[in-house]
Amino acid sequence: MSGQRTESTGSTDSTHSPAATEVTEAVVGTGLPNAASIPTSVGTWISDGWITTRRNLIKIKRVPDILVFTTLQPIMFVLLFTYIYSGVITIPGSSYTEFIMAGIFAQTVVFGSTYSGSAMAQDLKDGIIDRFRTLPMSPSAVLIGRTNGDLCINALSMVVMMLTGLIVGWRINSSFWEGVAGVALLLLFAYAFSWVMAFVGMSVRSPEVINNVAFLILFPLTFISNAFVPAETLPPVLQTIAEYNPVSALVQAARELFGNVPPGAPVGDAWTQQYPIATVLIGVAVMLGVFVPLCIRKFVRISSH
Amino acid sequence: MSFIQIEGLVKIYRPKGADPVHALDGVDLDVRQGTVRGLLGPNGAGKTTMVKALTTLIKPDAGHATIDGIDVVRDAHRIRPIIGVSGQYAAVDENLTGFENLEMVGRLYHLGAKASKRRAQELIDAFELTEAQNRPVKGFSGGMRRRIDLAGAIFSRPPVLFLDEPTTGLDPRSRLGMWDVITSLVSEGTTVLLTTQYLEEADRLADDISVIDGGKLIAEGTADELKAQIGGQQIELTLMDAADGSVAGEILRRHGEAQPHVGGDGRELSVGVREGPLALERVLGELNAAGIRLHDAGMRRPTLDDVFLKLTGHSAGGEEEQDGEVES
Ligand SMILES: Nc1ncnc2c1ncn2[C@@H]1O[C@H](COP(=O)(O)OP(=O)(O)OP(=O)(O)O)[C@@H](O)[C@H]1O
Ligand SMILES: [Mg+2]
């Protein structure tokens, strides 16, 4: 700015002054298309969503913890569970490795969705939300970018986990398309859950609290399920919880789609276990149907500080 | 023609488990197109609340405000393309570089990829951030962050600019640079609403000044009009010994227009007087007779600081905590 100072010597009063023209050119700008436009078209909506998604992808690149957490931790889980428990837990007609993978997939992507919570809280804390809120962008763009960010992280985790799984002996025993559907269902569920977490993040506003609470709720939720042991082996009360646990439905759906359910394996009586894929799809629809509007409503009223 | 029009604006915060705060308590304000309006007030006066209400960040509880005839609540989506905002706290993405931050702002104003890049570079250079432009903002100093934020505010050359304490945290050189930026924008026709704790800044930049306190407008006018309210001249004394404060204060009170003001460890006293030179002569004579030794004595025209003090009973910035009235 000192450059402008020297250029504009003499323009000390706030009235129009010819000497200020050079400063004006630097700051006021030359060749800029005039007047920002009001977002109305689908085009600006997509563009806004892409810009905010890119912002979150850059964050993944710049904050190494995220990459470590989303790649190394799933590898560790796959190795720990398959090598430690495969000798202890037997799955009739199948192997524990085959059984456990869907559970690890589900747990990892559900945890991956919590980034949206802590990131929204962090954005509020940093004040960047106030910048976004005063820009003529579409009101859903920040949230779309955020949940897309989680989707990318989760997709990356899935690739890493599946490769590790293949190395330790896990196989997709169904068709290619069923395998694709299994991956898509896991990512879809997690994507919808990201919206839930984004809402929580905007409500709680503290990234630390979000992380701790997510841990306290999601750990039991993923463990009191059929993810790591067959639900029938749990004590009666926990077994009931596990059968209705949405995570169990997700795990069961993934197992079915990957062909990891041994023939004749017992299936829970609950409707959610009888029709796990439908259950997951309904869950996704409910989460998106409720939390997308709630999130946008919250976002257009929120302000930092 | 008034460009920003505010009528009876009310904002009540209702913090959980505490009494409601009337942050804005029925404020009327008109800002003419192409002028700078300075908003002055002590901490907690409602300045930031005003800026937030006008920039669509919060919804007022009553009253209404328009910018260029557009209602800020009902037509918030039509307000956002025409405003530029730099809030009290820099609103930047910590993980993006300075350049990426600005480019993103341009893209979200829908200025296109090429124009956004070009403009981002132009502003980075103008704000002397060229060296740091490819570093994440996380590692920026407060002043550098502030400059990125301000660059974001003027990115699209908006017709209306809201600046909430734009030079707080800037070094003197950057502050002068910022003043030039604002001056040149105004010469191009930009309308500016600016809050500040620096009265010198308001004096230099603002065409009109509004003083608010406790959510209410308490004075309005040009800097000169406000100073005229205080009247005459000020006598200022610095004592060698603070122990003489009460005697000196009593002498000043007798010759002054109001209660003398005391600051600087009780050694600095000032009071507004009518006939400056005559009053100064008498005061000095009496002080001499009382055997009070002076470090410094003089007369000056009132500043906005005096106006601010008189109107709000607080000093700007709240720094001089030992300020108070002389007991007599
Ligand atoms: N989110 C909030 N919740 C509750 N009270 C608030 C909130 N924001 C502001 N206030 C209160 O409203 C009043 C006005 O605040 P505001 O931030 O507008 O003051 P200000 O003039 O900008 O002060 P400063 O000079 O310190 O920036 C203060 O009493 C403040 O405590
Ligand atoms: Mg403020």
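Summary of the structure given here.

Parameters at a glance
- Throughout this document, residue positions are counted from 1 along each chain, in the order its sequence is written.
- Starting at A for chains and at 1 for ligands, labels are handed out in the order in which the entities are written.
- Per-residue local features are limited, in this predicted model, to residues with pLDDT of at least 70; the limit for side-chain atom pairs, both in listing and counting, is 80 or more; totals at the level of whole chains, interfaces and linings are taken over all residues.
- Note that water and hydrogens are dropped before the side-chain values are worked out from all heavy atoms of the structure.
- A molecule or strand has a residue near it when one of that residue's heavy atoms lies within 4 Å.
- Here a polar contact is taken to be a pair of N or O atoms separated by no more than 3.5 Å, where protein atoms must pair a possible hydrogen donor with a possible acceptor and residues adjacent in sequence count only if both atoms sit in side chains.
- Per-residue and other accessible areas were derived by the Shrake-Rupley procedure at a 1.4 Å probe size, with only the shown protein chains allowed to occlude residues.
- Helix and strand labels come from DSSP, where a helix needs a run of H or I of at least four residues and a strand needs a run of E of at least two; each type is numbered from the N terminus.
- Only Asp, Glu, Lys and Arg are considered charged in this grouping, and only Ala, Val, Leu, Ile, Met, Phe, Trp, Tyr, Cys and Pro are considered nonpolar; every other residue, Gly among them, is considered polar.
- Keep in mind that water is not among the atoms, so a site may look incomplete; donors are the N, O and S atoms within 2.8 Å of the metal, or 3.2 Å for Na, K and Ca.
- Any two strands with at least two DSSP-identified bridges between them are counted as paired.
- Note on definitions: a residue-residue contact is assigned when non-hydrogen atoms from the two residues lie within 4.5 Å.
- Lines fitted to the C-alpha atoms define the axes, with helices restricted to the stretch that makes contact. Angles between their N-to-C directions range from 0 to 180 degrees.

## Describing the site of ligand 1
All names here are of chain B.
- In the vicinity of ligand 1, 14 residues are found, and the nearest of them are Gly 44, Gly 46, Lys 47, Thr 48 and Thr 49.
- Measuring from an oxygen atom of ligand 1, one finds a side-chain N or O atom of Gln 197 at 3.0 Å.
- For ligand 1, whose free accessible area comes to 630 Å², the fraction covered by protein is 68%.
- At the level of secondary structure, the elements contributing two or more residues to the shell around ligand 1 comprise strand 2 (21–32) and helix 1 (47–54).
- For the shell around ligand 1, the leading source of residues is helix 1, giving three residues.
- Of the residues in the shell around ligand 1, the class split is five nonpolar, seven polar and two charged.

## Structural notes on the coordination of the magnesium ion (ligand 2)
- Each protein donor to the magnesium ion (ligand 2) is listed here as Thr 48 of chain B (OG1) and Gln 88 of chain B (OE1); together their distances run 1.9 to 2.1 Å. Residue Thr 48 of chain B is found in helix 1, and its partner Gln 88 of chain B is found in the loop between strand 6 (83–86) and helix 3 (98–108); the two are separated by 40 residues along the sequence.

## Side note on the sheet that holds strand 1 (residues 2–13) of chain B
Residue and element names in this part refer to chain B.
- Strand order in this open sheet of four strands is 2-1-4-5, and the pairing throughout is antiparallel. Of all the strands in the sheet, the pair left with one neighbour each is strand 2 and strand 5 (70–71).
- When strand 1 meets strand 4 (residues 62–67), the two strands line up antiparallel, connected through five bridges. Bridge pairing links Gln 5 to Thr 66 in strand 4.
- Along the sheet face, helix 1 touches strand 1, strand 2 and strand 4 and points at about 115° away from the line of strand 1.

## Side note on the environment of Leu 156 of chain A
- Positionally, Leu 156 of chain A belongs in helix 8 (residues 141–167).
- Sequence separation of Leu 156 of chain A and Thr 70 of chain A is 86 residues, and the distance between their C-alpha atoms is 7.6 Å.

## Let's talk about the pairing of strand 4 of chain B
Residue and element names in this part refer to chain B.
- Relative to strand 5, strand 4 runs antiparallel, the two sharing two bridges. Each residue of the ladder has a partner; that of Thr 66, found in strand 5, is Asp 71.
- If you look at the hairpin formed by strand 4 and strand 5, you'll find two residues sitting between the two strands, and Asp 68 has a positive phi there, around 50°.

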